[in-house]
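# Descriptive analysis of the structure
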Amino acid sequence: MSFRVGLGYDVHRLTENRELILGGVNIPYEKGLLGHSDADVLIHAIMDALLGACKMGDIGKLFPDTDPRYKDISSIKLLKYVKEKMDEKGVHIINIDSIIVAQRPKMRPYIDEMEKNIAEALDITVDCVNVKATTEEELGFTGSGEGISSKAVCLIEM
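A brief look at the structure comes next. Here the structure is a predicted model, which is why all the values come from computation and not from measurement. (Residues numbered from 1 in each chain as written. Predicted model: local features only at pLDDT ≥ 70, side-chain atom pairs only at ≥ 80, totals over all residues. Heavy atoms only, no water.)

Another aspect to go through is the pairing of strand 1 (residues 3-15). Pairing of strand 1 with strand 7 (residues 147-157) involves 11 bridges; the strand directions are antiparallel. When the sheet's bridge partners are listed, Val5 is paired in strand 7 with Leu155. (Pairing = 2+ DSSP bridges. Helix = DSSP H or I, 4+ residues; strand = E, 2+ residues; numbered from the N terminus.)

What follows deals with the packing of helix 1 (residues 41-53) against helix 3 (residues 75-88). Two numbers describe how helix 1 lies on helix 3: the axes approach to 10 Å, and their chain directions differ by 10°. The angle between helix 1 and helix 3 falls in the class roughly parallel. Where helix 1 approaches helix 3, its residues Ile43, His44, Ile46, Met47, Leu50 and Leu51 are matched on the opposing element by Ser75, Ile76, Leu78, Leu79, Val82 and Met86. Residue composition of the contact of helix 1 with helix 3, grouped by class: 10 nonpolar, 2 polar and no charged. (Axes fitted to C-alpha atoms, helices over the stretch in contact; angles between N-to-C directions. Parallel < 35°, antiparallel > 145°, perpendicular 65-115°, else oblique. Contact = heavy atoms within 4.5 Å. Nonpolar A, V, L, I, M, F, W, Y, C, P; charged D, E, K, R; others polar.)

Pro105 follows Arg104 through a cis peptide bond whose omega is -5°. At Ala39, a position not held by glycine, the phi torsion is positive, near 65°. Here Ala39 shows up in the loop between strand 4 (32-33) and helix 1. We classify Ala39 as buried; its relative accessible area is 0%. (Buried < 20%, exposed > 50% of the residue type's maximum accessible area, 1.4 Å probe, protein only.)

Here you go:
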């Protein structure tokens, strides 16, 4: 058995006429994230961290945005599929740490539910999942409200 670390990052533009989904939670806001799927940057960053740690590529390889099967799909469903692939390889998730970077809306009221959704999708305890949020003090594209990004790191045992 060996331990491996994975790192994930994702970013999407905010746009009108889309729901804002983060960590599988529909957050009331005037804009949502633009993307082929539900554009859940938090789940996308977590998936990329897990896939990277397992040497299984990235979400673009596994779920190409040219494939109509993934149009508007829930990223939680995609995360469950990643977990199935990890189970096939005998991978054990030790922990996930992540951060959402957004000027608005405030994330704190939704973080507990995000952690619960992620833990359930991955069949791990909520103690193994940490979600944080920060602003960029109105700097850059996230600070100006043009988009939201997320970063994640994971530790796995293979």
